[in-house]
Amino acid sequence: MEHDRTRTRAWVLHPEIKSDEQRRVPEPALEEAVSLAVALPDLDVIGSDIVRLPRAQPGLLFGSGKIEELGERFHDAEVELVLIDGPVTPVQQRNLEKAWNVKILDRTGLILEIFSDRARTREGVLQVEMAALSYQRTRLVRAWTHLERQRGGLGFVGGPGETQIEADRRAIDDQLVRLRRQLQKVIKTRTLHRAARAKVPYPIVALVGYTNAGKSTLFNRLTGAEVMAKDMLFATLDPTMRRVELPDGPEIILSDTVGFISNLPTELVAAFRATLEEVLGADLIVHVRDISHDETEAQAADVETILTSLGVDEDRPRLEVWNKIDLLNADEREAALARADREAEIFAISAISGEGITALLAEVAEKLQGTRREETLTLSFAEGDKRAWLYRHDVVRSEEQTEDGFQIAVLWTDKQASQFAAI
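Residues numbered from 1 in each chain as written. Predicted model: local features only at pLDDT ≥ 70, side-chain atom pairs only at ≥ 80, totals over all residues. Heavy atoms only, no water.

Student: Please provide a residue-by-residue account of the sheet that holds strand β10 (residues 346–348), values included.
Tutor: Ordered by their spatial adjacency, 6 strands build an open sheet running β6-β7-β5-β8-β9-β10, and the pairing between neighbours is mixed. The open sheet is flanked by β6 (240–245) and β10, the only strands paired with a single partner. In this sheet, neighbouring strand axes are inclined to one another by 25° on average, regardless of whether the strands run parallel or antiparallel. Relative to strand β7 (residues 251–256), strand β5 (residues 204–209) is paired through 4 bridges, and the arrangement is parallel. By the bridge assignment for β7, Ala206 is matched with Ser255. (Pairing = 2+ DSSP bridges. Helix = DSSP H or I, 4+ residues; strand = E, 2+ residues; numbered from the N terminus. Axes fitted to C-alpha atoms, helices over the stretch in contact; angles between N-to-C directions.)

See the structure below:
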């Protein structure tokens, strides 16, 4: 039964390494790491610490005195799992597990665990499995020979001289090849869906942002959908798309994507590139920020870094949405609203209350419609499908019937004109 499931006692450590030029502010970094841990079911986070170090020790990460001190604390608290908010080498992991007699998981491993727990679609599951295998391959663990049967003497796995680690690596590589083949089939289907959408003149608006910025809450408000939206990191993993009719504007396809996070594992960035291609193909990117968060500027910078790594060019139309203004105090709220009034690309909103949504949607419509121009088209009676397309997309200003067909005055964008030409 659900209440009988064993819960693991966990402790979170954030190493504050002075020699690390890219180190984050320790207090909010630890808070985020604890939130990541809480996002995993069956974990009880019973303690957390910031550990300040002049530099990382190659073999053990921490100094011997700190290891002994922490070891006593973990023993007294009956800790079973220590989550280290940062990279941990395989050697450091092995040595720390031996010194403390606990399981060690670093930041990458923790995020992979969360993604594994949350993936629901076939594509998401495959991508997480590939990312996890790529990560495990660097660990050179001895746990993967079950992925491949030993076929003695034929050289499929290796001869008698091959070490266990080499066999493990080969087993992981073979599994990765199989997963890539399966993923290619899923990606092909997604590509066909994307191509089908391209024939329909619905512009795509992609919501992006740091995890827990409120993208899914905004998505639900705009679409009436019921995408999971909780005060939890990575509440949404698999992308969701819905059609939305903007007030006094075009119909759009709104896409809710996985939240970003600082130091997102490279394995995940690579694995989820296919999913995030929805962002690459979007007509408009809406960057949703939690403006109430102490680290909102750093989070925004992390999102921009990831967008750049995905290949999203700076010229792509985008808007910045300052969400959660309902959580600001009076002075902060006034300052946020004042800046949003001054800067055309910034909108201060509350996805919970709906404040500011009307102005945001109006700007989205204007961005997508772009500069519209008038043009007169001559269609024959045989081109009824083209005439129907024009009416279906509400671009007809007037129409006159001639002896040979129709003269139709249209008001449309360059994109609509190119889509019409492709019919």
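Student: Explain the side chain of Lys215 to me, and be specific about the residues and the numbers.
Tutor: Mapped onto the elements, Lys215 comes out in helix α7 (residues 215–223). Of the buried charged residues, Lys215 lacks a salt bridge, with Asp256 as the closest side chain of opposite charge at 5.0 Å. Excluding residues within four positions of it along the chain, Lys215 makes contact with Leu207, Val208, Gly209, Tyr210, Asp256, Thr257, Val258, Gly259 and Val288. (Buried < 20%, exposed > 50% of the residue type's maximum accessible area, 1.4 Å probe, protein only. Lys, Arg positive; Asp, Glu negative; His and termini not counted. Salt bridge = Lys/Arg side-chain N within 4 Å of Asp/Glu carboxyl O. Contact = heavy atoms within 4.5 Å.)

Student: Just give me the short version of the sheet that holds strand β12 (residues 396–401), but keep the residues and values in it.
Tutor: In space, the 3 strands of this open sheet follow the order β11-β13-β12, with antiparallel pairing throughout. In this open sheet, the two edge strands, each paired with only one partner strand, are β11 (373–380) and β12. Going across the sheet, the axis of each strand differs from the next one's by a mean of 15°, ignoring polarity. Together, β11, β12 and β13 (405–412) form the strand contacts of helix α13 (residues 384–392), whose direction differs from that of β13 by roughly 30°.

Student: Give me the lowdown on the packing of α13 against helix α14 (residues 414–421), citing residues and values where you can.
Tutor: Where α13 meets α14, the axes come as close as 11 Å, and the angle between the chain directions of the two elements is 155°. Between α13 and α14, the interaxial angle falls into the category roughly antiparallel. Considering the relative orientation of α13 and α14, their crossing is right-handed. Of the residues in α14, those touching α13 at Lys386, Trp389 and Leu390 are Gln416, Gln419 and Phe420. (Parallel < 35°, antiparallel > 145°, perpendicular 65-115°, else oblique. Left-handed = near helix turned anticlockwise from the far one by under 90°.)

Student: So, the packing of aromatic side chains: which residues are in play, and what are the values?
Tutor: Per the counting criterion, the structure on display carries 6 aromatic pairs. Where Trp412 meets Phe420, the ring centres are 5.5 Å apart and the plane angle is 55°; that geometry is what we call tilted. Taken individually, Trp412 and Phe420 each receive the classification buried, so the pair is uniform in this respect. Each residue in the set Trp11, Phe62, Phe74 and Trp100 is aromatic and connected to the rest through ring pairs, giving one cluster. One residue, Arg387, lies across the ring of Phe406, its end atom 4.4 Å from the ring centre. (Phe/Tyr/Trp six-rings, centres within 6.5 Å; stacked < 30°, edge-to-face > 60°. Lys NZ or Arg CZ within 6 Å of the ring centre and 35° of its normal.)

Student: Describe the environment of Gln419, and please don't skip the residues or the numbers.
Tutor: Counting through the fold element by element, Gln419 comes out in helix α14. Spatially, the C-alpha atom of Gln419 lies 10.0 Å from that of Trp389, the residues being 30 residues apart in sequence.

Student: Outline the packing of helix α4 (residues 107–118) against helix α5 (residues 122–139), supporting the account with residue identities and numerical values.
Tutor: Between α4 and α5, the shortest axis-to-axis distance is 10 Å and the interhelical angle comes to 155°. As summarised for this structure, α4 and α5 are arranged roughly antiparallel, according to the angle between their axes. Remark: the crossing between α4 and α5 carries left-handed chirality. Contacts between α4 and α5 involve Thr108, Gly109, Leu112, Phe115 and Ser116 on the former and, on the latter, Val128, Ala131, Ala132 and Tyr135. In terms of residue class, the contact of α4 with α5 is built from 6 nonpolar, 3 polar and no charged. (Nonpolar A, V, L, I, M, F, W, Y, C, P; charged D, E, K, R; others polar.)

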